[in-house]
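Chain and residue survey
Here's the letter readout for the chains.
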Amino acid sequence: MLQSLITLSDQDIELVVTAVGQWCTKNHCEIDSNEGHRALTLAIDLVQNGARNTLLQNLTERLCPRSGQMDAETSGAS
């Protein structure tokens, strides 16, 4: 993952870190957690493939099952 991050420009690195930080805050997880690492890996891939303008939206859509699982757990549903 870090090797991929090195290939990004400073601007892209800032974009990835900001978007992943926002996603982690929204989903109540740490960037240094398994979920945070998944988001970081996906964000790097998305930026490398040109999805800079919709990065946070893409993270939310593609990692959505985690959010749904958390909602079910916090509402007491099984």
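Structure shown above.
Note that the coordinates shown come from a computational prediction; the quantities given were computed from them, not determined experimentally.

Parameters at a glance
- Residues numbered from 1 in each chain as written.
- Predicted model: local features only at pLDDT ≥ 70, side-chain atom pairs only at ≥ 80, totals over all residues.
- Heavy atoms only, no water.
- Helix = DSSP H or I, 4+ residues; strand = E, 2+ residues; numbered from the N terminus.
- Areas by Shrake-Rupley, 256 points an atom, 1.4 Å probe, with all protein chains shown as cover.
- Buried < 20%, exposed > 50% of the residue type's maximum accessible area, 1.4 Å probe, protein only.
- Arc of directions from axis to C-beta.
- Core = buried A, V, L, I, M, F, W, Y, C linked by side-chain atoms within 4.5 Å.
- Contact = heavy atoms within 4.5 Å.
- Salt bridge = Lys/Arg side-chain N within 4 Å of Asp/Glu carboxyl O.

All right, on to the overall build of the protein chain then. Assigned secondary structure in the protein chain consists of five helices and zero strands. If you list the helices and strands of the protein chain from N to C, you get α-α-α-α-α. Counting only carbon and sulfur atoms, one obtains 50% of the accessible surface of the protein chain, whose full area is about 5,100 Å².

Positionally, Leu46 belongs in helix H3 (residues 34-48). Residues Leu46 and Val16, 30 residues apart in the sequence, show an inter-C-alpha distance of 9.2 Å.

For the rest of this paragraph, the subject is the side chain of Asn27. Position of Asn27 among the secondary structure elements: in the loop between helix H2 (10-26) and H3. For Asn27, a relative accessible area of 4% corresponds to the buried category.

For helix H4 (residues 55-62), the set of buried residues is Leu55, Asn58 and Leu59. Looking straight down H4, one finds its buried side chains confined to an arc of 100°; they lie on one side.

Counting 18 residues, the largest nonpolar core has Val16, Val20, Trp23, Leu55 and Leu59 as its most contacted members. Contributing elements (two or more residues each) for this core: H2, H3 and H4. A total of seven residues in this core trace back to one element, the largest contributor, which is H3. Ignoring anything within four residues of it in the chain, the contact list for Val16 reads Leu8, Leu40, Ala43, Ile44, Val47 and Leu55.

Here the structure, examined in full by the defined rule, presents one salt bridge. Here Asp12 makes a salt bridge to Arg52, at a shortest N to O gap of 3.0 Å. With a gap of 40 residues between them, Asp12 in helix H2 and Arg52 in the loop between H3 and H4 connect regions that are remote in the sequence. The class for Asp12 is buried, based on a relative accessible area of 9%.

The next subject is unusual backbone geometry. Non-glycine residue His28 carries a positive phi angle of around 55°. Looking at where His28 falls in the secondary structure, it is placed in the loop between H2 and H3. On the accessibility criterion, His28 (64% relative accessible area) is exposed.

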